[in-house]
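An overview of the molecular structure
Letter by letter, the chains look like this.
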Amino acid sequence: MSAVAAALPVDIHAVGDADYALDIAPYSFEVSPHRFIKTIAYNQQVPGPLLRFKEGKPVTIDVTNHSSNDETVHWHGLFLPSDVDGSMEEGTPHVPPSGRQRYTFTPRPSGFRWYHTHTFAGHDLKKAEYTGQHGLLFIEPRENPGRYDQEFFLALHDWDGNLFGNADGSMDPIYEVSTINGRTLGFGEPLRVKPGQQVLLHLVNTSATEPHWIALAGHQFRVIALDGNPVPQPQLVSMLRLSPAERVCAIVEMNNPGVWVMGEVRKHVMAAGMGVVVEYADRSGKLQWQQPNNLIWDYLQFAAPGPALPSASSAIEIPLVIESKFAGHGAMDKWMINGKSYPDTETVALTYGQRYRLLFRNKSSDDHPVHLHRHSFELRRFSGQPETHGIRKDTVLVPANSEVDVEFTADNPGLTLFHCHQQNHMDLGFMMLFRYA
């Protein structure tokens, strides 16, 4: 690890008879010069410690809760039993205030994952995913063919949220501060690189509600994985889009020496702090930024080549119609799946080994990053596009007034939560459960 290590998550070591320990506790940190944010975090750092596991090697993690709220840790993107996945809706025991919970599991699949709180916030924008309770997790593959000279793990987050009224009178969060690894642009250590290096970037959007667009001035990203899963066709792109909970792994060839900005493309979000300095060895001077003109992102550019085969005739279709319900002036909208809000949404029974096709029908005017716990799914169709195949994710953005189809195999029995990964949508009804034995 380079000199940037001080600004990045660090590994934690064995404690007692557990392999790792996480402490949930109040934490105040300096986000920019003389500006402090009070939050809840893991191990007194933001983001939480970088956990590196070996694929297939069991681990034990002790989680101690020093906060005043019931807590749980969700191991996002892992194929785990329901009782350790980290969702109380699935039956994972919570960690009470002053209590401790032990998680023991065998990590899989390999790739870039993350962990975070999975609790209710409602109108309190100092709780749940609005806090600093997020950390980075990488599962080392049994065989690692990747070639790169240096890697960095980067967490995007938004802070100090307030509810803001829309034109229709409903409320949504807006934020005063946006960061990469808990620091605003220019505060803290830069990412230090050398000419000719192949640098692997692991980015995750840990924001409770906001998508982010990221560019690195003077360079391009070669995207090699989405949500930790290798893509069939790596591509060079000028910017990345990450909706809440999405991850992108990309290699950047360091072929343009200078002092550059990597940060949010939208000017008002960069002005709130979301950026980090990328500094070549033996270079100094004024930061350089090149403003992109367009926001362009398309999952399908990474799909497997050639036409997709029709969906297997054995795949059972499950329509999931997404709608909002105005809850009144000064309130956040309520959300419904097939006309019902959680906890009244249907609990759909699945059959082990069966292939299912989830038909997301977004009839609302909001985009939704939807997440399926304990499984990954294959992207199959977007509105107005031919069938696609080969891209595996656990979170996908379903744009407003559009349709998206994904497929997965029911191969991990137990209660399985499906929800929008926007905290305010999840809190107000956008959740449902699948079950199978």
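Preceding block: the structure.
Read on for a plain summary of the structure. (Residues numbered from 1 in each chain as written. Predicted model: local features only at pLDDT ≥ 70, side-chain atom pairs only at ≥ 80, totals over all residues. Heavy atoms only, no water.)

**Remarks on the overall build of the protein chain**
In terms of regular secondary structure, the protein chain is built from 3 helices and 30 strands. Scaling as 2.2 N^0.38, a compact globule of 437 residues should have a C-alpha radius of gyration of about 22 Å, and the protein chain matches this with 21 Å. Each principal axis of the C-alpha distribution contributes one length, and for the protein chain these read about 60 × 55 × 50 Å. Considering only contacts in the protein chain between residues 6 or more positions apart, those separated by 24 or more positions represent 75%. Carbon together with sulfur atoms contributes 50% to the accessible area of the protein chain, which is approximately 17,400 Å² in total. (Helix = DSSP H or I, 4+ residues; strand = E, 2+ residues; numbered from the N terminus. Rg over C-alpha atoms; globule rule 2.2 N^0.38 Å. Contact = heavy atoms within 4.5 Å. Areas by Shrake-Rupley, 256 points an atom, 1.4 Å probe, with all protein chains shown as cover.)

**Some thoughts on the pattern of salt bridges**
According to the stated counting rule, one finds 26 salt bridges in the structure shown. The shortest N-O distance in the salt bridge between Arg247 and Asp394 comes to 2.8 Å. With Arg247 in strand 17 (residues 247-253) and Asp394 in the loop between strand 26 (392-393) and strand 27 (395-398), this residue pair connects regions lying 147 residues apart in the sequence. Grouping residues by exposure puts Arg247 and Asp394 together as buried. Of the charged contacts in the structure, one is a salt bridge between Arg381 and Glu403, with a shortest N-O distance of 3.0 Å. (Salt bridge = Lys/Arg side-chain N within 4 Å of Asp/Glu carboxyl O. Buried < 20%, exposed > 50% of the residue type's maximum accessible area, 1.4 Å probe, protein only.)

**Examining the sheet that holds strand 30 (residues 431-435)**
Adjacent strands of a sheet form backbone hydrogen bonds with each other and so pair up, either parallel or antiparallel. The strand order 22-30-29-24-27 describes an open sheet built from 5 strands, whose pairing is mixed. The two strands at the open ends of the sheet, each matched to only one other strand, are strand 22 (347-349) and strand 27. Each strand of the sheet is rotated relative to its neighbour by a mean of 20°, with strand direction disregarded. Of the pairings in the sheet, the one linking strand 29 (residues 416-420) to strand 30 comprises 4 bridges and is antiparallel in character. (Pairing = 2+ DSSP bridges. Axes fitted to C-alpha atoms, helices over the stretch in contact; angles between N-to-C directions.)

**A few points about the pairing of strand 1 (residues 20-32)**
Regular strands show a simple pattern: their side chains alternate between the two faces of the sheet. Of the strand pairs in this sheet, strand 1 and strand 4 (residues 59-65) are connected by 5 bridges, and their pairing is parallel. Within strand 4, the residue paired with Tyr20 across the bridge is Ile61. Looking at chain direction, strand 1 and strand 2 (residues 35-42) are connected through 8 bridges and run antiparallel. Counted as the bridge partner of Ile24 is Tyr42 from strand 2. Count of turn residues in the strand 1/strand 2 antiparallel hairpin: 2 residues, of which His34 carries a positive phi of about 70°.

**Digging into the nonpolar core**
Core analysis: the largest hydrophobic core is formed by 68 residues, its most contacted members being Phe221, Met262, Trp297, Phe360, Val396 and Phe418. Examining the composition of this core, we find that 4 residues originate from one element, strand 13 (residues 212-216), more than from any other. Residue contacts for Val396: discarding those within four places in its chain leaves Glu246, Tyr299, Phe360, His368, Pro369, Val370, Phe377, Leu379, Phe382 and Val406. Residues Val63, Trp75, Tyr103 and Ile139 belong to the second largest nonpolar core, which totals 21 residues. (Core = buried A, V, L, I, M, F, W, Y, C linked by side-chain atoms within 4.5 Å.)

**Quick word on the side chain of Asp405**
Mapped onto the secondary structure, Asp405 falls in strand 28 (residues 402-409). The class of Asp405 is buried, set by a relative accessible area of 3%. Within the structure, the side chain of Asp405 is placed 3.2 Å from the side chain of Arg357, a separation counted as a polar contact. Asp405 has contacts with Arg357, Leu358, Leu359, Phe360, Arg361, Glu378, Leu379, Arg380 and Arg381, leaving out every residue within four places of it along the chain. (Polar contact = N/O pair within 3.5 Å; in protein donor to acceptor, adjacent residues only side chain to side chain.)

**Quick word on the environment of Pro107**
Along the polypeptide, Pro107 turns up in the loop between strand 6 (100-105) and strand 7 (111-117). A relative accessible area of 0% places Pro107 in the buried class. In this structure the C-alpha to C-alpha distance between Pro107 and Asn338, which are 231 residues apart in sequence, comes to 34 Å. With residues up to four places along the chain from it excluded, the contact list for Pro107 reads Phe53, Lys54, Glu55, Gly56, Lys57, Pro58, Val59, Leu78 and Ile139.

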